[in-house]
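The chain contents come next:
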Amino acid sequence: MNTESDPRLLFSIGTSVRTSAEGEFDFPTGLAFDPARGTLLVADLFNHRIQVFSSDDGSLVRTFGSEGRGAGHLSRPVEVTVDAESDRIVVADTDNHRVQFVSASDYSFVSSVGKQGGGPLEFSNPRAPVIDLHLGHIILSDSGNNRAQVLTRDGAFVREIRHDSLRIDSMAIDNELHRLVITDTRNHRVQVLSSIDGSFLFTFGSQGMQPGSLSGPFGVCIDNRNRIIVADYNNRRLQAFTASGQYVTGLACAGPPTGVAFDEHRGLIAFIADNRVHVIGANQWLADTFTWRPDRHRYAPSWMKQAVSTMTMIRSVVDESAMSMIPNELLFEIFSFL
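Residues numbered from 1 in each chain as written. Predicted model: local features only at pLDDT ≥ 70, side-chain atom pairs only at ≥ 80, totals over all residues. Heavy atoms only, no water.

Participant: Got a minute to help me understand the nonpolar core in this structure?
Facilitator: In terms of nonpolar packing, the biggest core is built from 17 residues, with Ile 229, Leu 238, Val 260, Ile 269, Phe 271, Ile 280 and Trp 285 touching the most fellow members. Where this core is concerned, the elements lending two or more residues are β21 (228-232), β22 (237-241), β24 (259-263), β25 (268-273) and α1 (282-285). The element that contributes the greatest number of residues to this core is β25, accounting for 3 residues. Excluding residues within four positions of it along the chain, Ile 229 makes contact with Gly 219, Val 220, Cys 221, Asp 223, Gln 239, Ala 240, Val 260, Ile 269, Trp 285 and Leu 286. (Core = buried A, V, L, I, M, F, W, Y, C linked by side-chain atoms within 4.5 Å. Buried < 20%, exposed > 50% of the residue type's maximum accessible area, 1.4 Å probe, protein only. Helix = DSSP H or I, 4+ residues; strand = E, 2+ residues; numbered from the N terminus. Contact = heavy atoms within 4.5 Å.)

Participant: Please explain the pairing of strand β5 (residues 60-64) as it appears in this structure.
Facilitator: For a regular strand, side-chain orientation follows a simple rule: the groups alternate between the two sheet faces. In terms of strand pairing, strand β4 (residues 49-54) meets β5 through 4 bridges, oriented antiparallel. What sits directly across from Phe 53, in β5, is Leu 60. The antiparallel hairpin formed by β4 and β5 contains 5 residues in its connecting segment, where Gly 58 sits at a positive phi of about 80°. (Pairing = 2+ DSSP bridges.)

Participant: Looking at this model, I keep getting lost on the sheet that holds β22. Mind explaining?
Facilitator: Strands belonging to one sheet form pairs held by backbone hydrogen bonds; the direction of such a pair is parallel or antiparallel. Spatial strand order, β20-β21-β22-β23: 4 strands in an open sheet with antiparallel pairing. In this open sheet, the two edge strands, each paired with only one partner strand, are β20 (217-222) and β23 (247-252). Averaged over neighbouring strand pairs, the angle between their axes works out to 20° when direction is ignored. (Axes fitted to C-alpha atoms, helices over the stretch in contact; angles between N-to-C directions.)

Participant: Just checking my understanding: could you explain the pattern of salt bridges for this structure?
Facilitator: Side-chain pairing between opposite charges can occur once the charged atoms of the two side chains come close. Per the stated rule, a full pass over the model turns up 18 salt bridges. A salt bridge links Asp 34 to Arg 37; its shortest N-O distance comes to 3.1 Å. Between Asp 223 and Arg 227 there is a salt bridge, with its nearest N and O atoms 2.8 Å apart. By relative accessible area, Asp 223 is classed as buried at 4%. Overlapping salt bridges, with partners in common, bring together Asp 142, Arg 147, Glu 160 and Arg 162 in one network. (Salt bridge = Lys/Arg side-chain N within 4 Å of Asp/Glu carboxyl O.)

Participant: When you look at the side chain of Asn 47 in this model, what are you seeing that I'm missing?
Facilitator: Relative to the elements of secondary structure, Asn 47 occurs in the loop between β3 (39-44) and β4. A polar side-chain atom of Asn 47 sits 2.9 Å from a polar atom in the side chain of Asp 44. In this view, Asn 47 contacts Thr 19, Ser 20, Glu 24, Phe 25 and Asp 26; residues no more than four positions away in its chain are not counted. (Polar contact = N/O pair within 3.5 Å; in protein donor to acceptor, adjacent residues only side chain to side chain.)

Participant: Whenever I open this one, the sheet that holds strand β18 (residues 189-194) confuses me. Can you help?
Facilitator: Strands sit in the order β16-β17-β18-β19 across an open sheet of 4 strands; the sheet is antiparallel. A single partner strand is all that each edge strand has here, and the edge strands are β16 (170-174) and β19 (200-204). Across the sheet, the mean angle from the axis of one strand to that of its neighbour is 20°, orientation sign disregarded. Relative to β18, strand β17 (residues 179-184) runs antiparallel, the two being bridged by 6 bridges. Residue pairing across strands places Val 181 opposite Val 192, the latter belonging to β18.

Participant: Please clarify how the packing of aromatic side chains should be interpreted in this entry.
Facilitator: For any pair of aromatic rings, geometry is given as the distance between the ring centres together with the angle between the planes. Applying the stated criterion across every chain, the model contains 6 aromatic pairs. Judged by centre distance (5.9 Å) and plane angle (40°), the rings of Phe 27 and Phe 46 are tilted. Linking Phe 27 in the loop between β1 (9-13) and β2 (28-34) with Phe 46 in the loop between β3 and β4, this pair joins segments that are 19 residues apart in sequence. A relative accessible area of 27% means that Phe 27 is categorised as partly exposed. Looking at Phe 46, the relative accessible area reads 29%, which means it is partly exposed. Note on Phe 64 and Tyr 107: the rings are 5.7 Å apart at their centroids and 20° apart in plane angle, and the pair reads as stacked. Here Phe 64 is found in strand β5, whereas its partner Tyr 107 is found in the loop between β8 (98-103) and β9 (109-113), with 43 residues between them in sequence. Each member of the pair, Phe 64 as well as Tyr 107, carries the same accessibility label: buried. Aromatic ring contacts, followed pair by pair, group Phe 202, Phe 204, Phe 241 and Tyr 247 into a single cluster. Here the guanidinium or amino end of Arg 88 rests over the ring plane of Phe 101, the centre of that ring lying 5.9 Å away. (Phe/Tyr/Trp six-rings, centres within 6.5 Å; stacked < 30°, edge-to-face > 60°. Lys NZ or Arg CZ within 6 Å of the ring centre and 35° of its normal.)

Right, dumping it as structure tokens:
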């Protein structure tokens, strides 16, 4: 993707230069959407912070975290996610070997769990937190201990997931199919487990450069059609696969992608490449991924809400016109193509 001219690109955040300036990055690695607030959170690894941006235009909203070991401090946070049910942000505070919980409403520190070690609630470089909506659990990679740990939303230990061949570098959860989708970077493959009991289901991918092959896959996410989108790091591309692991299509990136996220309520895909965050409309790459429904209207971009509101006011004073016959639901779909 030529990030300067590709028409599918909605906006980019940051520059290719690694810096500590606010709104820019020093090796961003993970990212997550907060649809309720229309924001995008980015784990800014070597700046030891999380940066929050508007999903509308990429403008900076807030930064939280700074280097340290105390409450609210971070040390190389690799990935982040949003738990909408508890209104909290879950941060993999990787080099502090713990998980931190932050208020999603005001970004204040709530609590943390974990210390370095190999027992329950002990971690070695945790990463990749995901939210199991059905069981109400947080699942995250305990990468240095070659396992995943399952916690309650409040951070209490539930169980571990361990397999001889399991190595978790990044992870996504398919809450519809009850599956964990895991990138195994060193083995150039993706593994799929049951999110209910952690049992192994299948694996796909092998080292190579051809479509469907992988080289150092890192970030992963799931779209609205249960397709698996993988950040294929060394091949400098995103690849999309069916839920069963069959290749669909690829998207070239300006640099090696380290993370990818999908906003199911707005139909956006964000990915990290060349030290920047890029956002595209999912339908611009993966056709028929996203359609507006009435339950999604509250998540629409602010400009779209304003446009529909303006049209509604105009219709209220124009009787018996073609415009008055267009329902708001259709207006949202029309504006989504602009």
